[in-house]
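So the chains spell out like this:
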4 protein chains.
Amino acid sequence: MLEGICEYRIPYADTDQMGFVYYGNYLVMFERARNELMRAMGFTYLEMERRGLGLPVIEAHVKYSRPAKYDDLVQIRAVISSFSHVRLRVDCEIRRDGELLVSGYTMHAIMNLQTGHATRPPEDIARMFAAAAEE
Amino acid sequence: MLEGICEYRIPYADTDQMGFVYYGNYLVMFERARNELMRAMGFTYLEMERRGLGLPVIEAHVKYSRPAKYDDLVQIRAVISSFSHVRLRVDCEIRRDGELLVSGYTMHAIMNLQTGHATRPPEDIARMFAAAAEE
Amino acid sequence: MLEGICEYRIPYADTDQMGFVYYGNYLVMFERARNELMRAMGFTYLEMERRGLGLPVIEAHVKYSRPAKYDDLVQIRAVISSFSHVRLRVDCEIRRDGELLVSGYTMHAIMNLQTGHATRPPEDIARMFAAAAEE
Amino acid sequence: MLEGICEYRIPYADTDQMGFVYYGNYLVMFERARNELMRAMGFTYLEMERRGLGLPVIEAHVKYSRPAKYDDLVQIRAVISSFSHVRLRVDCEIRRDGELLVSGYTMHAIMNLQTGHATRPPEDIARMFAAAAEE
């Protein structure tokens, strides 16, 4: 199955005074797994940018089930859950030793970086997104 | 109407290499307006914590309509949109010169900081949340 | 005297589990005052960038005297302390009700954004930096 | 030799609109290597906290030689460079494929977390800091 996976050690920087990871910082973890998802597809987000495409986030949703804490080693996983026309949805999960901490998704526009407008991706990238979404 | 409002000048720190504010950083702006919302109710979040109550985020949703940019002066606004039993929902909007950039909400548990469990807030705070939610 | 001044309300996001502002976040506060310093000189950093100049930080030093805490309203102040050839040094202070919390400086290269190399700034900007440094 | 070493993949979140890592974010990388340095000494910072000791940063210095960029895989290294009485200095370096990007140090107070005052660490920890500093 096509997925982006990475491990991440929580630094003090990510915590807040309640003693848990600050709620906004999980979105950076989502990004880390999305970057690995791209790499797993055989090209990096950097290469996509060089081909003139960007994937700006147009919607994000996060469900916080259990908090991550300082020095936790968490596993982050991203999969493409849908792809249609000019949009891509990526689902993410953050776990610690199998236990689900945080889940959610990001919806992305597929953008022509020169015009700043939504665009259909080139055939090879579209095929990969479609294949990944069908899994 | 009971609302939390603040202005915020976007620093370079909030931007990413696409030239816009990074998607996770808007959640910090949401928090800034929530802090002012509390203050507008006559007590601060700090005072609530001193009374043993916390409002951890259990769900967040963000819709990115238009990007904020470096040095933009944005207006952030938070209102309580629902309150029931042990949950509170706060709706947020970020605008630049009236134009809507980002909107969303956060759902909060009302938590007893000593036990770590959900709890009903004391009468005076509950009354205030309920009144704010009805507006 | 030419100075950049701003007030800043500490959000939960800036704190860590020790209950104070995380040490790296003060550098963002330094930036906020530097932005205001530029504005006080009659142009913004944004305008400088449009003229093809950047001020990347090549050195930073921070002395942490007392911690800032959540919901503190701090005052940040930046002044140009030296300017010579292709370098600029900015001194910063963060105070709460007059009490010094954090001080330090950043050293900046003056960079031609097209070539990526150090450069002397155009006459009008050089004059302003020199005047500010002499105060 | 006693050292803390870790690898870190730069996310989009760490960059700013100049296209490089924002200067404040390197301090989080320093922290990541310091955490590993502790682990290499046989106990974690978390365990030190449980024994009532903290290591708040009282001074930080950073020299930015070359910028890190999005998707770079950097190596971060921390060593104890001095230990005397109630202070500890940690030197850090960030490299990409051997090339030095950023270097600097943090000076830490050794703090009794209950009193909030500087303190000498217990014998076993002091011995370890002293041995590491002498290498």
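Every chain is numbered on its own, with residues counted from 1 as its sequence reads. Think of it this way: whatever chain is written first is A, whatever ligand is written first is 1, and the rest follow in order. Residues qualify for local features only when their pLDDT is at least 70, as the model is predicted, and side-chain atom pairs are given and counted only at 80 or more; totals for whole chains, interfaces and linings, by contrast, use all residues.

## Structural notes on the overall build of chain A
Consideration 1: Going along the chain from the N terminus, every DSSP run of H or I of four or more residues is numbered as a helix, and every run of E of two or more is numbered as a strand. Assigned secondary structure in chain A consists of three helices and seven strands.
Consideration 2: Along chain A, helices (α) and strands (β) appear in the sequence β-α-α-β-β-β-β-β-β-α when read from the amino end.
Consideration 3: Each principal axis of the C-alpha distribution contributes one length, and for chain A these read about 45 × 30 × 20 Å.
Consideration 4: Exposure is read from a count of other C-beta atoms within 10 Å of each residue's own; the residue is exposed at 12 or fewer, buried at 20 or more and partly exposed in between. C-beta atoms are placed from the backbone. Burial statistics for chain A: of 135 residues in total, 41% are counted as buried.
Consideration 5: Here the contacts in chain A between residues at least 6 apart in sequence split such that 67% fall between residues at least 24 apart. Note on contacts: each residue gets a C-beta atom placed from the backbone, and two residues are in contact if those atoms are within 7 Å.

## Digging into the interface of chain B and chain A
Consideration 1: Listed by partner, the interface residues are 15 residues for chain B and 15 residues for chain A.
Consideration 2: Elements supplying a minimum of two residues to the side of chain B that touches chain A: α1 (26–40) and β3 (57–64) of chain B.
Consideration 3: With eight residues, the single largest contributor to the side of chain B that touches chain A is β3(B).
Consideration 4: In the scheme used here, Gly and all other residues not listed as nonpolar or charged are polar, with Ala, Val, Leu, Ile, Met, Phe, Trp, Tyr, Cys and Pro taken as nonpolar and Asp, Glu, Lys and Arg as charged. Per-class residue counts for the side of chain B that touches chain A are 10 nonpolar, three polar and two charged.
Consideration 5: When DSSP finds two or more bridges between two strands, those strands count as paired. In terms of strand pairing, strand β3 (residues 57–64) of chain A meets β3(B) through five bridges, oriented antiparallel. Its bridge partner being in β3(B), Ala60(A) is matched across the sheet by Val62(B).

## Examining the interface of chain D and chain A
Consideration 1: Each partner contributes to the interface: chain D provides 11 residues, whereas chain A provides 11 residues.
Consideration 2: The element that contributes the greatest number of residues to the side of chain D that touches chain A is helix α1 (residues 26–40) of chain D, accounting for four residues.
Consideration 3: Classifying every residue of the side of chain D that touches chain A gives six nonpolar, two polar and three charged.

## Topic: α1(B)
All names here are of chain B.
Consideration 1: Across its 15 residues, α1 extends 21 Å between first and last C-alpha, which sits within 8% of the 21 Å expected from 1.5 Å per residue.
Consideration 2: A large share of α1 lies buried, amounting to 12 of its 15 residues.
Consideration 3: Tyr26, Leu27, Val28, Met29, Phe30, Glu31, Arg32, Ala33, Arg34, Asn35, Leu37 and Met38 are the residues of α1 that are buried.
Consideration 4: One or two residues past the end of α1 sits Gly42, with phi positive at roughly 105°. Each residue after the first adds 1.5 Å to the expected span of a helix.

## Focus: the relation of the copies chain D and chain A
Copies of the same chain, two in number, are related to each other by a rotation about an axis and a translation along it.
Consideration 1: Only residues with pLDDT of at least 70 in both copies count here: their C-alpha atoms drive the least-squares fit that superposes the copies. Superposition of chain D onto chain A requires a rotation of 180° combined with a translation of 0.0 Å along the rotation axis, giving an RMSD of 0.0 Å. Taken together, the rotation and translation relating the two chain copies correspond to the operation of a two-fold axis. If distances are taken from each C-alpha of chain D to the rotation axis, the shortest is found for Tyr8(D), at 4.6 Å.
Consideration 2: Most of the interface of chain D is mirrored in chain A: 100% of its interface residues are interface residues there too.

## Remarks on the sheet that holds strand β5 (residues 87–96) of chain D
Consideration 1: Here 10 strands make up an open sheet; going across it, the order is β1(C)-β4(C)-β5(C)-β6(C)-β3(C)-β3(D)-β6(D)-β5(D)-β4(D)-β1(D) and the pairing antiparallel. Both outer strands of the open sheet, β1 (4–9) of chain C together with β1 (4–9) of chain D, are each paired with one neighbouring strand and no more. Looking at each pair of strands side by side, their axes are set apart by 20° on average, direction ignored.
Consideration 2: Note on definitions: angles span 0 to 180 degrees between N-to-C directions of axes, and those axes are lines fitted to C-alpha atoms, for helices only across the stretch in contact. Against the sheet, helix α1 (residues 26–40) of chain C engages β1, β3 (57–64), β4 (73–84), β5 (87–96) and β6 (99–109) of chain C, with an angle of about 140° to β1(C).
Consideration 3: On top of the sheet, helix α3 (residues 123–134) of chain C reaches β4 and β5 of chain C; it is set at about 110° to β4(C), its chief contact.

## Here's the deal with the sheet that holds strand β5 (residues 87–96) of chain B
Consideration 1: One open sheet accounts for 10 strands, arranged β1(A)-β4(A)-β5(A)-β6(A)-β3(A)-β3(B)-β6(B)-β5(B)-β4(B)-β1(B); its pairing is antiparallel. A single partner strand is all that each edge strand has here, and the edge strands are β1 (4–9) of chain A together with β1 (4–9) of chain B. Each neighbouring strand pair of the sheet contributes to a mean axis angle of 20°, computed without reference to strand direction.
Consideration 2: Where β5(B) meets strand β6 (residues 99–109) of chain B, 10 bridges bridge the pair, whose relative direction is antiparallel.

## Quick notes on the environment of Lys69(C)
All names here are of chain C.
Consideration 1: Topologically, Lys69 is positioned in the loop between β3 and β4.
Consideration 2: On the neighbour-count criterion, Lys69 (17 C-beta atoms within 10 Å) is partly exposed.
Consideration 3: For Lys69, the contacting residues outside a window of four places in its chain are Ile10, Gly19 and Phe20.

## Looking at unusual backbone geometry
Consideration 1: Within the chain, Asp97(A) stands out as a residue other than glycine whose phi angle is a positive 50°.
Consideration 2: Its place among the elements puts Asp97(A) in the loop between β5 (87–96) and β6 (99–109).
Consideration 3: Of note in this structure, Asp71(D) is not a glycine but carries a positive phi near 75°.
Consideration 4: The topology assignment puts Asp71(D) in the loop between β3 (57–64) and β4 (73–84).
Consideration 5: For Asp71(D), a count of 18 C-beta atoms within 10 Å corresponds to the partly exposed category.

## Points about the relation of the copies chain B and chain A
Consideration 1: Laying chain B over chain A is done by rotating through 180° and shifting 0.0 Å along the axis; what remains is an RMSD of 0.0 Å.
Consideration 2: Comparing contact sets, 100% of the residues at the interface of chain B also lie at the interface in chain A, consistent with an isologous, same-surface contact.

## Regarding the nonpolar core
Consideration 1: Joined through C-beta atoms within 7 Å, a set of buried Ala, Val, Leu, Ile, Met, Phe, Trp, Tyr and Cys residues constitutes a nonpolar core. In terms of nonpolar packing, the biggest core is built from 156 residues, with Tyr26(A), Tyr26(B), Tyr26(C) and Tyr26(D) touching the most fellow members.
Consideration 2: If sequence neighbours within four positions are ignored, Tyr26(A) has contacts with Val21(A), Val62(A), Ile94(A) and Val102(A).

## Observations regarding the pairing of strand β4 (residues 73–84) of chain B
Residue and element names in this part refer to chain B.
Consideration 1: Sheet analysis places β1 next to β4, joined by six bridges and oriented antiparallel. By the bridge assignment for β4, Glu7 is matched with Gln75.
Consideration 2: When β4 meets β5, the two strands line up antiparallel, connected through nine bridges. Counterpart to Phe83 in the pairing with β5 is Leu88.
Consideration 3: Between β4 and the antiparallel strand that follows it, β5, lie two residues; His85 among them carries a positive phi value of about 55°.

## A closer look at the confidence of the model for chain A
Consideration 1: Here chain A averages 96 in pLDDT, and 100% of its residues register 70 or above.
Consideration 2: The ipTM assigned to the predicted complex is 0.96, against a pTM of 0.97. Known as pLDDT, the predictor's per-residue confidence is scaled from 0 to 100.

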